[in-house]
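Okay, here's what each chain looks like letter by letter:
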Amino acid sequence: MKKLNYYLGAAASLMLAVALTAGMTSCSNVDSPVGDINTPEQPEEAKLIIKEFNVGGGYKTIADNKNYSWCKGLVLYNNSGAQAKVKNLAIGTIPPGNAHANNGNYTEDGKLNYEDADFVPMIYGIWYLPTELTVQPYSDLVIAVNGAIDHSTVATGAFDLSKPEYHAMYDPTSPYVNANAYPEPAAGIAAEHYWKAAVFGLGNAWAISVMCPNFILFQFPEDVDPAAYCADAANAWYDGGKETAANYCVKIPKAWVIDGVETYRTTMVDDSKKRVPASIDAGYGLYNSNKGYSLYRNVDKAATEAIAANAGKLVYGYDQVVEGTEDASGIDAAASIKNGAKIVYQDTDNSSNDFHTRADWSLK
């Protein structure tokens, strides 16, 4: 996890520096033990991370037993005991779509050509929430990538993304108007939970891999309009150096990045190359399509057990790990949360260590 900041004018920053008890600053690669209470003497830093995603499909429609792949969700998480307050939070993806695809962004000596640059390239478009958002301590922010509806009524094994507290990637004013990808969100989800799209590529839906996606979580400074920034040709970059509409990307400064996750398809590891720079994610998680899998973050066992309020609430014997991955903690995070526990997830900026493949969506 990189950093989370309020981006304010100089005067406002000076005033709030004293007033805020939850400062948003850089995270190291080693998580500190987390206490139960924020004290004025030792204010805790808010830490937003990518906790889980499930985008690979693997479901069959109830009506006619056809393949159904529109149930896609992403879970952000406040991995701290402090409130996380942010504005212009955004999500994007780095090309190419699949890690095992031909990648033209490497130099002759085998180095990612933007590895040491001050930016990462986003392709197709980005999603952002222009309003201020508060994520409570040890709490989820669930985002429907496709369809903020109850998918379980459509396909066997799919999950419910219609809950009022959930968010939706849904912007009918943008070019992303594919009716299958973006049905109108459930009535209980407020319009304030709709994320807007800044589209600069082709297509009528945001294209992400179902086999080995990558996600970048970042935040625009308060004085930067996301749509205007993405429309500015000065911020353009081309995938593979090919100046075509299909290869058009937008440069996002690394200083804006909060978290990032790289994945390789389980069966294609040897043919895969990193898209996310090591400064954001030094490794890669393992994922696979058409099986209903999630990529899920490992529990930081020591930090979680150090929370006094977790006594008697943690559930052990976790058995949802698949595809040869592991969570060494042995803690069933989803069951523990239902039991009232507060979970601290591992965050070393290395998805090889921080994630495992989970048999199913944890929020069912």
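What counts, and at which threshold
Residues numbered from 1 in each chain as written. Predicted model: local features only at pLDDT ≥ 70, side-chain atom pairs only at ≥ 80, totals over all residues. Heavy atoms only, no water. Helix = DSSP H or I, 4+ residues; strand = E, 2+ residues; numbered from the N terminus. Buried < 20%, exposed > 50% of the residue type's maximum accessible area, 1.4 Å probe, protein only. Contact = heavy atoms within 4.5 Å. Areas by Shrake-Rupley, 256 points an atom, 1.4 Å probe, with all protein chains shown as cover. Core = buried A, V, L, I, M, F, W, Y, C linked by side-chain atoms within 4.5 Å. Pairing = 2+ DSSP bridges. Salt bridge = Lys/Arg side-chain N within 4 Å of Asp/Glu carboxyl O. Lys, Arg positive; Asp, Glu negative; His and termini not counted. Polar contact = N/O pair within 3.5 Å; in protein donor to acceptor, adjacent residues only side chain to side chain. pLDDT = per-residue confidence, 0-100. Phe/Tyr/Trp six-rings, centres within 6.5 Å; stacked < 30°, edge-to-face > 60°. Axes fitted to C-alpha atoms, helices over the stretch in contact; angles between N-to-C directions.

**Details of the overall build of the chain**
Now for step 1: Counting its secondary structure elements, the chain contains five helices and 20 strands.
Now for step 2: In the chain, which comprises 364 residues, the proportion classed as buried is 51%.
Now for step 3: Within the chain, counting contacts between residues at least 6 apart in sequence, those at least 24 apart form 77% of the total.
Now for step 4: When the accessible surface of the chain is summed, it comes to about 15,000 Å², and 52% of that surface belongs to carbon and sulfur atoms.

**Things to note about the nonpolar core**
Now for step 1: With 53 residues, the main nonpolar core has Leu-74, Leu-89, Ile-91, Trp-206 and Phe-215 as its most contacted residues.
Now for step 2: Those residues in contact with Leu-89 that lie beyond four places of it in its chain are Leu-48, Leu-76, Trp-127, Tyr-128, Leu-129, Leu-133, Leu-141, Trp-195, Leu-217, Phe-218, Gln-219 and Ile-258.
Now for step 3: Ranked by size, the runner-up nonpolar core spans 27 residues in total, among them Phe-119, Phe-200, Phe-220 and Ile-252.

**Comments concerning the sheet that holds strand β2 (residues 59-61)**
Now for step 1: The three strands lie next to each other as β3-β2-β9, forming an open sheet whose pairing is antiparallel. Single-partner strands in this sheet number two, and they are β3 (67-68) and β9 (155-156).

**Remarks on the side chain of Asn-88**
Now for step 1: Along the chain, the position of Asn-88 falls in strand β5 (residues 84-92).
Now for step 2: By relative accessible area, Asn-88 is classed as buried at 6%.
Now for step 3: Look past the residues within four positions of Asn-88 in its chain and what remains in contact with it is Tyr-128, Leu-129, Pro-130, Thr-131, Phe-218, Gln-219, Phe-220, Pro-221, Val-224 and Pro-226.

**Some points on the pairing of strand β4 (residues 72-78)**
Now for step 1: Most of β4 is tucked away: seven of the seven residues are buried.
Now for step 2: As defined by bridge partners, β4 adjoins strand β8 (residues 140-146) across six bridges and the pair is classed as antiparallel. Bridge pairing in β8 links Gly-73 to Ala-144.

**Here we look at the environment of Ala-187**
Now for step 1: Mapping Ala-187 onto the fold places it in the loop between β10 (167-169) and β11 (194-199).
Now for step 2: In sequence terms Ala-187 and Ile-149 are 38 residues apart; their C-alpha atoms lie 9.1 Å from each other.

**Some words on the pattern of salt bridges**
Now for step 1: As enumerated under the stated definition, the model contains 10 salt bridges in all.
Now for step 2: Between Asp-347 and Arg-297 there is a salt bridge, with the nearest N and O atoms lying 3.7 Å from each other. In this pair, Asp-347 sits in the loop between α4 (333-338) and α5 (351-354) while Arg-297 sits in strand β18 (residues 294-297), placing the two residues 50 residues apart along the sequence. In this pair, the class of Asp-347 matches that of Arg-297, namely buried.
Now for step 3: Three or more residues are tied together by salt bridges with common partners; here these are Asp-259, Arg-297, Asp-347 and Asp-354.

**Concerning unusual backbone geometry**
Now for step 1: With an omega of -5 degrees, the peptide bond between Pro-95 and Pro-96 qualifies as cis.
Now for step 2: Looking at where Pro-96 falls in the secondary structure, it is placed in the loop between β5 and β6 (119-123).
Now for step 3: Positive phi, close to 60 degrees, is recorded for Asn-65, a residue that is not glycine.
Now for step 4: Assignment of secondary structure puts Asn-65 in the loop between β2 and β3.
Now for step 5: Residues other than glycine seldom take positive phi values, yet Asp-349 does so here, at roughly 60 degrees.
Now for step 6: Following the sequence through the fold, Asp-349 ends up in the loop between α4 and α5.

**A short note on the side chain of Lys-72**
Now for step 1: You can see Lys-72 is positioned in strand β4.
Now for step 2: Of the buried charged residues, Lys-72 lacks a salt bridge, with Asp-360 as the closest side chain of opposite charge at 15 Å.
Now for step 3: Side-chain polar atoms of Lys-72 contact the backbone oxygen of Ser-69, separated by 2.5 Å.
Now for step 4: Excluding residues that lie within four positions of it along the chain, Lys-72 makes contacts with Asn-54, Val-55, Ile-143, Ala-144, Val-145, Asn-146, Leu-161, Ile-208 and Val-210.

**What about the confidence of the model for the chain?**
In low-pLDDT regions, the fine details of the predicted coordinates are not to be read closely.
Now for step 1: Averaged over every residue, the pLDDT of the chain is 91; the share at 70 or more is 88%.
Now for step 2: Counting interchain partners and residues more than four positions distant, the pLDDT-below-50 stretch residues 6-41 has 67 contacts.

**Digging into the packing of aromatic side chains**
By convention here, two paired aromatic rings are described through the distance between centres and the angle between planes.
Now for step 1: In total, this model carries 21 aromatic pairs according to the counting rule given.
Now for step 2: Ring geometry for Tyr-170 against Tyr-194: centres 5.2 Å apart, planes inclined by 80 degrees, an arrangement best described as edge-to-face. Pair noted here: Tyr-170 is in the loop between β10 and β11 and Tyr-194 is in strand β11, with a separation of 24 residues, a long-range link.
Now for step 3: Note on Tyr-194: relative accessible area 21%, which makes it partly exposed.
Now for step 4: Site record: aromatic cluster; members linked through ring pairs are Tyr-128, Phe-218, Phe-220, Tyr-229 and Trp-256.

**Details of the sheet that holds β6**
Now for step 1: Read across the open sheet, the three strands follow the order β6-β14-β13; overall the sheet is antiparallel. Sheet topology places β6 and β13 (236-238) at the edges, where each strand pairs with a single neighbour. Between one strand axis and the next, the sheet turns through 45 degrees on average, direction left out of account.
Now for step 2: Where β13 and strand β14 (residues 248-253) come together, three bridges link them in antiparallel fashion. Looking at β14, one finds that Ala-236 is bridged to Val-250.

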